[in-house]
Amino acid sequence: MKLATNNLLNKPTKFAVLLDFGRYSNTFDYLDGKYLGVEIGDIVSVILKGRLLRGLVVQKSFVKENIHDGKNFKYLFIEEINEKKVFESWWRDWLEDLASFYKVNNLKMFKTAFPPGWITQSNKNNQKSLFNIWISKTKKLNNLRESLNEKQLSLMQKLDLEEGIWQSELIKYGFSASLINTLVKKGLLIKSSRQKIKNTPLNSYKENFAIKTIPILTVEQENAISQIEQMEKSEVLLLWGETGSGKTEVYLRIVQSQLEINKSCLIMAPEIGLIPQLIDRFTNRFKKNILEYHSNCSIKQRQLVWRRLLEANEPIIVIGTRSAVFLPIKDLGMIIIDEEHDNSYKQETPMPCYDAREVALDRVKRIGSKLVFGSATPSLSMWKKVNFENKFKMIRMQKRISKTKIPEIRIIDMRDEFKKGNTTILSKELFNSLSKLRDKEEQAIILIPRRGYNGFLSCRNCGFIVNCPNCDIALTVHAGSKGNKWLSCHWCNFKRTFINVCPDCNSNAFKPFGIGTQRVFEFLKKELPQLRLLRFDRDTTTGKDSHRNILSDFSKGKADVIIGTQMLAKGIDIPNVTLSVVLAADGLLHRPDISSEEKSLQLFLQLAGRAGRADKNGEVIFQTYRPKHPVISYLKNRDYEGFLTANLKLRKDSNLFPFCKVSLLKISGTDNKLVESVSNKLADYLKPLFLQQNWNLIGPAPSMISKIGNKFRWQILIYGPDNSESPLPENEVLWKIIPRNIFLTIDINPIEI
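Residues numbered from 1 in each chain as written. Predicted model: local features only at pLDDT ≥ 70, side-chain atom pairs only at ≥ 80, totals over all residues. Heavy atoms only, no water.

Quick look at the overall build of the chain now. A tally of regular secondary structure across the chain gives 23 helices and 31 strands. Scored against the burial criterion, the 753 residues of the chain give a buried share of 53%. Long-range pairs, those at least 24 residues apart, make up 75% of the contacts in the chain between residues at least 6 apart in sequence. Accessible area for the chain stands at about 35300 Å²; split by element, carbon and sulfur atoms hold 48% of it. (Helix = DSSP H or I, 4+ residues; strand = E, 2+ residues; numbered from the N terminus. Buried < 20%, exposed > 50% of the residue type's maximum accessible area, 1.4 Å probe, protein only. Contact = heavy atoms within 4.5 Å. Areas by Shrake-Rupley, 256 points an atom, 1.4 Å probe, with all protein chains shown as cover.)

This is the structure:
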């Protein structure tokens, strides 16, 4: 076997390829024996123990072993290049630092950042390589031409007329692959892999600015834009704008100014359902060079977006969800994170449990971009950085663009409705408001925290609840269009038939409790048949473009009422919506989570802001069985700043998050006794290490949902001083304690505590 060599120094060169192989990912050395032009940053196919794998080339070095004299060393060749040079050196350093922070190995971090399918344990289902061999000549060693034969010289003369040419084209001209390889070995030609796709030239943006009519700015918008344009490199700013105050127009103007100085921009939204509206707004303003990136895009589309960004030579606007924060955007001038308070920016599982907001902060510090967080209800963590630490600047936009009066939030006590004999899911006031929509040619949004028909199925006689056999949670009742019902688990997707008799006591007093989006939909369909209805939840938005299609139909007036889960409260701007409704949301206030009140108030205020955003007056109706709850008081008065101030003081006085560092260790497996035993063993090992660093450890204890998908779940909570580093040992140390059939997830800064 002849070795691949460095043509100028005549030394064999090996490439370290990072592979997803076994429990621990490692690098393995290969040679470029096929003269593919392998470089650091290439995604390549290699063979390991008879299996074809894809890996990432992370290092290049000379072979030190005397492989010519002995038989102890035998290197395999890299089979092919699947993707060419997928990162720059700074990006790799950044990802490796993130891997260290989020307690994962480098490979897991790379796999999380890359489009799906680039680094895999098998090549069976991967698409055919998009790359072809490109042949170009070197500028050195031209004196070697004197030793060439006629055919070799003819090939060199052919390339004298070109900067390079595809190998397939040269073969068509009669030059064989072996002839090309001979000249590569002589150091006269260079082989490299390039993507052979039609690349549409990127247009200039300046002509778009000249012809596009844009709205007149308010004083607050002008002030916000002015301050953002004066930001220094790596500076961070919070844009606190009330719903309807025109934050999106500010984003458009900021992006415009960045494009004019040839800088690209990244716009991030927490949910896929918000992407279509942002895409439409930015496309209408800028026409071209707008890319979207999220999990609803096909694998091929995400791979092409990555490649286009690497090859772009003009500014590009990227709009995406949390994974877009890793994209290799050149000349990135600005990152805008809309709805920064939303916890969808945090990945809970699998590891790495990264927070796209933290990752964006780290990115702008490294490359000198600017970062704008936007929200109508900033998170407590953000408020702490602005108000207590003075790390970020803040701009307030408190006035709505609409001249209509801000809708009053009506709190309906459903206990009074019950006393008056109303046992339906709607109060009389809400029923009357909905019944007038068609005549007034207006629309309504109804939010229900739970999808499905009913919350759960329970026996009134003995209290038995039908739980999922795989998870420690009640099954949700669903109903079909023909009235058939079934039970479904929203965690593991288990399904079973609906039952009418209690399996525990044989009682017929077996009844569904709670309401979901489907039940509200069916109720309105029956009681207010004149209304045209749409559902917007996970059950109805699984298909490609389903988010866009449902919202498009609603915005075009094809429905009077849209009924959905929490996705509806986030950033949807439809001028004809005059009624916002919250049903059955009391459960959100009583979750065993330190942030339940914050999340609930954010959600309620966000939804309240959907009504009356244009020329028509709006109304907001909130049905509850707990009208005197503190959150309801803050909601009625729209006093979110008062809530932030009071709760942050309470957290600070009690040394609670975000005034301390927190991590959550989640241990899971199919054997509950083994999971408990490993959890105790891990806690016993960590406790003395933490005490030395003035950190605390709580647990182990069963997780809030102690079983999901046939896996029992335990957790250990650790927390310590805000200005300290986590004393967690290196990953390898922790994994030695964990048996192969037990899973450990380390969640840095968890969103639920």
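Reading across from one edge, 17-27-26-18-25-24 is the order of the 6 strands in this open sheet, with parallel pairing throughout. One side of each edge strand has no neighbouring strand; the edge strands of this open sheet are strand 17 (409–413) and strand 24 (533–536). Sheet twist, expressed as the mean angle between neighbouring strand axes with direction ignored, is 20°. Two strands pair when backbone bridges link them, and strand 24 and strand 25 (residues 561–564) are joined in this way by 4 bridges, in the parallel orientation. Among the inter-strand pairings, Phe536 is bridged to a residue of strand 25, identified as Gly564. Against the sheet, helix 14 (residues 428–435) makes contact with strand 17, strand 18 (443–447), strand 25, strand 26 (577–582) and strand 27 (619–624), and its axis sits at roughly 145° relative to strand 27, the strand it touches most. Of the strands in this sheet, strand 17, strand 18, strand 26 and strand 27 touch helix 19 (residues 596–608), which is tilted by about 160° from strand 26. (Pairing = 2+ DSSP bridges. Axes fitted to C-alpha atoms, helices over the stretch in contact; angles between N-to-C directions.)

Counted according to the given criterion, the structure contains 28 salt bridges. Salt-bridge contacts for Arg307 lead to Glu83; the nearest nitrogen and oxygen are separated by 3.7 Å. Placement of the pair is Arg307 in helix 10 (residues 299–311) and Glu83 in strand 6 (residues 80–83), with a sequence separation of 224 residues. A single burial state applies to Arg307 and to Glu83, both of which are buried. One salt-bridge network, held together by shared partners, links Lys384, Glu389, Lys391 and Asp722. (Salt bridge = Lys/Arg side-chain N within 4 Å of Asp/Glu carboxyl O.)

What follows deals with a nonpolar patch on the surface. A cluster of nonpolar side chains, contributed by Ile47, Leu52 and Leu76, occupies part of the molecular surface with about 210 Å² of accessible area. Inspection of the secondary structure puts Leu52 in strand 5 (residues 51–62). (Patch = residues over 30% accessible without salt bridge, like charges linked within 9 Å, V, L, I, M, F, W, Y side chains within 5 Å.)

On to the pairing of strand 30 (residues 711–721). Here strand 28 (residues 660–669) pairs with strand 30 via 10 bridges, running antiparallel. Within strand 30, the residue paired with Lys661 across the bridge is Gly720. Examined bridge by bridge, strand 29 (residues 696–708) and strand 30 share 7 bridges and lie antiparallel to one another. Bridging from a neighbouring strand, Leu697 pairs with Ile718 of strand 30. Turn length for the strand 29-strand 30 hairpin, with the two strands adjacent in sequence and antiparallel, is 2 residues, and the turn residue Gly709 shows positive phi of about 60°.

Let's shift gears to the packing of aromatic side chains. The description of an aromatic ring pair uses the distance of the two centres, along with the angle that the planes make with each other. Taken as a whole, this structure holds 22 aromatic pairs when the rule is applied. Arranged with centres 5.4 Å apart and planes meeting at 85°, the rings of Trp240 and Trp383 form a pair that is edge-to-face. Of this pair, Trp240 sits in strand 10 (residues 236–241) while Trp383 is found in helix 12 (residues 380–388), placing the two residues 143 residues apart along the sequence. Comparing Trp240 with Trp383 shows no difference in burial state: the two are buried. A network of ring pairs unites the aromatic residues Phe87, Trp91, Phe110, Phe114, Trp118 and Trp306 as a single cluster. A cation sits over an aromatic face here: Lys384 above Phe659, 5.4 Å from the ring centre. In this arrangement the basic side chain of Arg396 is found over the ring face of Trp240, its NZ or CZ atom lying 3.7 Å from the centre. (Phe/Tyr/Trp six-rings, centres within 6.5 Å; stacked < 30°, edge-to-face > 60°. Lys NZ or Arg CZ within 6 Å of the ring centre and 35° of its normal.)

What follows covers helix 3 (residues 150–160). Burial in helix 3 covers these residues: Gln152, Leu155, Met156 and Leu159. In an axial view of helix 3, the angular spread of the buried residues amounts to 95°, which keeps them on one side of the axis. Two or three places before Lys151, at the start of helix 3, stands the capping residue Asn149, its side-chain oxygen 3.2 Å from that residue's backbone nitrogen. (Arc of directions from axis to C-beta. Polar contact = N/O pair within 3.5 Å; in protein donor to acceptor, adjacent residues only side chain to side chain.)

Strand order in this open sheet of 7 strands is 12-13-11-14-15-10-16, and the pairing throughout is parallel. The open sheet is flanked by strand 12 (290–293) and strand 16 (393–397), the only strands paired with a single partner. Within this sheet the neighbouring strands show an average axis-to-axis angle of 20°, counted without direction. Inspection of the sheet shows strand 11 (residues 264–268) paired to strand 13 (residues 317–320) by 4 bridges, in the parallel sense. Across the sheet, Ile267 pairs through a bridge with Ile319, a residue of strand 13.

A few words now on the nonpolar core. Counting 118 residues, the largest nonpolar core has Leu56, Phe114, Phe326, Phe604 and Leu682 as its most contacted members. Discounting residues that sit within four places of it in the chain, Phe114 has contacts with Ile43, Leu56, Val86, Phe87, Trp91, Ile119, Tyr293 and Trp306. (Core = buried A, V, L, I, M, F, W, Y, C linked by side-chain atoms within 4.5 Å.)

This part is about unusual backbone geometry. Excluding glycine, most residues fall at negative phi; most peptide bonds, likewise, are trans. Geometrically, the link from Thr349 to Pro350 is a cis peptide bond, its omega value of -5° lying close to zero. Look at the link from Met351 to Pro352: it is a cis peptide, with omega at 5°. Looking at where Pro352 falls in the secondary structure, it is placed in the loop between strand 14 (332–338) and helix 11 (356–367).

Relative orientation of the contacting elements helix 3 and helix 5 (residues 177–185) amounts to 80°, with a least axis distance of 11 Å. By the angle between their directions, the pair helix 3 and helix 5 is classed as roughly perpendicular. For the pair helix 3 and helix 5, contact is made by Lys151, Gln152, Leu155 and Met156 and by Leu179, Ile180, Thr182 and Leu183, respectively. (Parallel < 35°, antiparallel > 145°, perpendicular 65-115°, else oblique.)

This next bit is on helix 7 (residues 219–229). Residue pairs three or four apart in sequence face the same way in an α-helix, which turns once every 3.6 residues. Looking at helix 7, one finds that the buried residues are Glu220, Gln221, Ala224, Ile225 and Ile228. All buried residues of helix 7 lie within an arc of 130° about the axis, which places them on one face of the element. Buried residues belonging to helix 7 abut strand 10, helix 8 (247–260), strand 14, strand 15 (370–375) and strand 16.

On to the side chain of Asp560. Position of Asp560 among the secondary structure elements: in the loop between helix 17 (546–555) and strand 25. Among the residues examined, Asp560 registers a relative accessible area of 3% and is labelled buried. When sequence neighbours within four positions are dropped, the list of residues in contact with Asp560 reads Leu437, Arg438, Glu442, Gln443, Ala444, Gln530, Leu531, Arg532 and Phe554.

Let's shift gears to the side chain of Thr578. Mapping Thr578 onto the fold places it in strand 26. Looking at Thr578, the relative accessible area reads 4%, which means it is buried. Reaching out from Thr578, the side chain makes a polar contact with the side chain of Glu442 at a distance of 2.8 Å. Residue contacts for Thr578: discarding those within four places in its chain leaves Leu437, Glu442, Gln443, Ala611, Gly612, Lys616, Asn617, Gly618 and Glu619.

What follows deals with the confidence of the model for the chain. The share of residues in the chain with pLDDT of 70 or more is 86%, and the mean pLDDT across the chain is 83. Put simply, helix 6 (residues 206–211) is where the chain has its lowest mean pLDDT, 37, and strand 14 is where it has its highest, 97. Here residues 124–130 scores under 50 on pLDDT; set against residues more than four positions off or in separate chains, the count is 15 contacts. Long-range and interchain partners of residues 197–211, a stretch whose pLDDT sits below 50, account for 25 contacts in this model, where long-range means more than four residues apart. (pLDDT = per-residue confidence, 0-100.)

A few words on the environment of Leu36. Tracing the sequence through the fold places Leu36 in the loop between strand 3 (26–31) and strand 4 (43–48). A relative accessible area of 9% means that Leu36 is categorised as buried. Between the C-alpha atom of Leu36 and that of Glu79, which follows or precedes it by 43 residues, the distance is 8.8 Å.

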